[in-house]
Amino acid sequence: MVLDTATRASVLLDGTDQALLYVCGITPYDATHLGHAATYLAFDLLDRAWRDSGRAVSYVQNVTDIDDPLFERAAATGEDWASLAERQTELFRTDMAALRMIPPDEYVGAVEAIPLIVGLIETLDERDMVYRLDDDLYFTATASAGFGTVSGLDPPAMVKLFAERGGDPDRPGKRNPLDCLLWTGADPGEPSWESPWGPGRPGWHVECTAIAQAHLGATVDVQGGGRDLIFPHHEMCAAQGRAVTGEPFARVYLHQGMVGLDGEKMSKSKGNLVLVSALRGGGTDPMAIRLALLAHHVRTDWDWTTGDLRDAEERLERWRLAARVGLGAAPDLAAPGAQRALTDVRAAMADHLDSPRALEVIDAWAAHAIAAQAAPGEAAGAAMVCDALLGVDLGVARRVAR
Ligand code: 5CA
Ligand code: ZN
């Protein structure tokens, strides 16, 4: 079960053999901070749980390689925006691999998705949900049936958040303050692309709607991201998606809590970042970073401290010590200790991706194994459970697999 943001209910994520996952990807500058990593970890756990239950997962992430902050950063440092985006996307992929996130089937950039985005705007236009203001195009968001059902916010709260998170509720000439940009006319000195409405570039929300629908279909099982994306981003994606197909955009909306530093949300724009690459560069074991993130529940907002890392390093050492006896042995998942670990970690993951509880399960196994000397097959089995369900490599399972 997971908690659906839209209905505020715990819902089962079972269903057909195929699971469709769309997670909002990075805007490629200053990647990858620990907040990003926490978000992608949450969906990696979901991906692993789905695969463990026998479902085939189709997983797509976008890369927002057209966006003001990216262009501004490139202009400030004198770097070409496209090479900045490419460099940061590559760094992100390397960080994700180091943290043992199963990669999505596709990373789709906004630039390469322009034809899809133009097509989607044309369909919205046929439905009479687009209007022009100067050189820009707007989506009549509030006219879309079901607008507001993802965030559950009332219009004044939406207007306030819209202004804080990149929207333009006060622009004169808009039909409704909450209408969102689909296309912006070209600004001199900024990158632009040809379209039926003249040169310009796409808005942010329409990027994710177009990519998700083209690559996964009308309705994904889960749209995911950090909690900061509930409004306006996921509300707008949902409204556009429904307007195009008449179907719900996502069955479930799942959000990761915000990771902060010193009491503030960790964000590129504030500059209060701890980067995965900086920790790795300083010699931190990526598995300790992963364990530090796993120690916090998906739904909890939390602040990163050096204590998080210290605790995770100690835990990793204990787990590796317990698993070491399994080195080279064939994993025996039927051994009682390994079987209990498998059953209990599965149960924790099925219960709202409760990773702190899963860590307690392995802690208990490790304490028992260290005190009572687990048999090699059991230790290799428990290590396999950590590897497969939690993505934590204890240096045993991989050697067995070779
Ligand atoms: N490109 C858009 C999504 S389409 C974007 O929000 N990019 S981002 O680089 O700002 O964030 C990437 C992902 O990390 C998003 O899902 C976002 O919700 C999540 N995220 C950003 N900051 C944090 C944070 N401090 N804690 C947890 N998750 C975060
Ligand atoms: Zn998105």
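With that out of the way, let us pick up the pattern of salt bridges. Where charged atoms from two side chains of opposite charge approach closely, those side chains can pair. The tally for this structure, following the rule as stated, stands at 20 salt bridges. Close ionic contact of Asp44 with Arg290 constitutes a salt bridge, the shortest N to O distance being 2.8 Å. One end of the pair, Asp44, is in helix α1 (residues 34-52); the other, Arg290, is in helix α9 (residues 286-294), and 246 residues separate them in sequence. For the pair shown, Asp44 and Arg290 are each scored as buried. For Glu190, the salt bridge goes to Arg201, with nearest N and O atoms at 2.8 Å. A residue pair is termed long-range when its members are at least 10 positions apart, and Glu190 in the loop between β8 (180-185) and β9 (200-202) and Arg201 in strand β9 qualify at 11 residues. Look at the salt bridges and you will find they share partners, linking Asp44, Arg48 and Arg290 into a network.

This part takes up the sheet that holds β8. On the basis of which strands lie adjacent, the open sheet formed by four strands has the order β6-β7-β8-β9 and antiparallel pairing. The two strands at the open ends of the sheet, each matched to only one other strand, are β6 (130-133) and β9. Pairwise comparison of adjacent strand axes, ignoring direction, gives a mean angle of 25 degrees for this sheet. Examined bridge by bridge, β6 and strand β7 (residues 136-139) share four bridges and lie antiparallel to one another. Across the sheet, the residue bridging to Leu133 is Asp136, located in β7.

Moving on, we come to the environment of Glu235. In this structure, Glu235 sits in helix α7 (residues 230-245). Spatially, the C-alpha atom of Glu235 lies 7.0 Å from that of Phe147, the residues being 88 residues apart in sequence. Among residues more than four places away in sequence, those in contact with Glu235 are Gly146, Phe147, Gly148, Thr149, Val150, Ser151, Gly152 and Ile230.

What follows is about the sheet that holds strand β13 (residues 264-265). The strand order β13-β12-β14 describes an open sheet built from three strands, whose pairing is mixed. Edge strands, defined here as strands with exactly one partner in the open sheet, are β13 and β14 (302-303). As defined by bridge partners, strand β12 (residues 259-261) adjoins β14 across two bridges and the pair is classed as parallel. Its bridge partner lying in β14, Gly260 is registered against Asp303.

Every protein donor of the zinc ion (ligand 2) is accounted for by Cys24 (SG), Cys208 (SG) and His233 (NE2), and the metal-donor separations fall at 2.0 to 2.2 Å. What the four donor atoms of the zinc ion (ligand 2) show is an angle range of 102 to 118 degrees at the metal, which sorts the shape as tetrahedral. Mapped onto the sequence, the residues coordinating the zinc ion (ligand 2) show the spacing C-x183-C-x24-H. Placement of the pair is Cys208 in helix α6 (residues 204-216) and His233 in helix α7, with a sequence separation of 25 residues. Like Cys208, the residue His233 is buried in the burial classification.

With that settled, the discussion passes to the pairing of strand β4 (residues 56-63). In terms of residue burial, β4 counts as a mostly covered element, since six of its eight residues are buried. Here strand β3 (residues 18-23) runs beside β4; their pairing, made up of six bridges, is parallel. Along β4, the bridge assignment pairs Leu20 with Ser58. Tracing the backbone out of β3, into α1 and back to the parallel element β4 gives a crossover that is right-handed.

Take the packing of aromatic side chains next. One pass over the full model with this rule turns up eight aromatic pairs. Here the aromatic rings of Trp81 and Trp193 are separated by 5.9 Å at their centres, their planes lie at 80 degrees, and the arrangement is edge-to-face. Separated by 112 residues along the polypeptide, Trp81 in helix α3 (residues 81-98) and Trp193 in the loop between β8 and β9 bring together distant segments of the chain. Take Trp193: its relative accessible area is 18%, and that puts it in the buried class. Consider the rings of Phe147 and Phe231, whose centres lie 6.5 Å apart with planes at 70 degrees: the pair is edge-to-face. With Phe147 in the loop between β7 and α5 (155-164) and Phe231 in helix α7, this residue pair connects regions lying 84 residues apart in the sequence. Under the relative-accessibility criterion, Phe147 is labelled buried at 16%. Taking the relative accessible area as the measure of exposure, Phe231 reaches 1% and is therefore buried.

Moving on: the domain arrangement of the protein chain. Taken domain by domain, the protein chain holds domain 1 (2-256) and domain 2 (261-401). Domain 1 and domain 2 are separated by 31 Å when their C-alpha centres are compared. Taken together, both faces of the contact between domain 1 and domain 2 bury some 3,000 Å²; the carbon and sulfur share is 60%. Counting every contact that joins domain 1 to domain 2 gives five salt bridges. The set of elements that each furnish at least two residues to the side of domain 1 that touches domain 2 consists of β1 (2-4), α1, α3 and β11 (250-256). Among the elements that make up the side of domain 1 that touches domain 2, the one with the highest residue count is α1 (12 residues). A per-class count over the side of domain 1 that touches domain 2 returns 16 nonpolar, nine polar and eight charged.

It is worth spelling out the pairing of β7 at this point. Burial of β7 is two-sided: the residues Asp136 and Tyr138 facing one way and the residues Leu137 and Phe139 facing the other way are all buried. From the end of β6 to the start of β7, which pair antiparallel, there are two residues, and Asp134 there has a positive phi angle of about 55 degrees.

Cut-off values and rules
Residues numbered from 1 in each chain as written. Chains lettered and ligands numbered in written order. Predicted model: local features only at pLDDT ≥ 70, side-chain atom pairs only at ≥ 80, totals over all residues. Heavy atoms only, no water. Salt bridge = Lys/Arg side-chain N within 4 Å of Asp/Glu carboxyl O. Helix = DSSP H or I, 4+ residues; strand = E, 2+ residues; numbered from the N terminus. Buried < 20%, exposed > 50% of the residue type's maximum accessible area, 1.4 Å probe, protein only. Pairing = 2+ DSSP bridges. Axes fitted to C-alpha atoms, helices over the stretch in contact; angles between N-to-C directions. Contact = heavy atoms within 4.5 Å. Donors = N, O, S within 2.8 Å, 3.2 Å for Na, K, Ca; no water. Tetrahedral: all angles 85-135°; square planar, octahedral: opposite > 155°, others 65-115°. Right-handed = clockwise from strand over helix to strand, strands pointing away. Phe/Tyr/Trp six-rings, centres within 6.5 Å; stacked < 30°, edge-to-face > 60°. Domains from an automatic or database assignment. Buried area = accessible area lost by both parts, 1.4 Å probe. Nonpolar A, V, L, I, M, F, W, Y, C, P; charged D, E, K, R; others polar.

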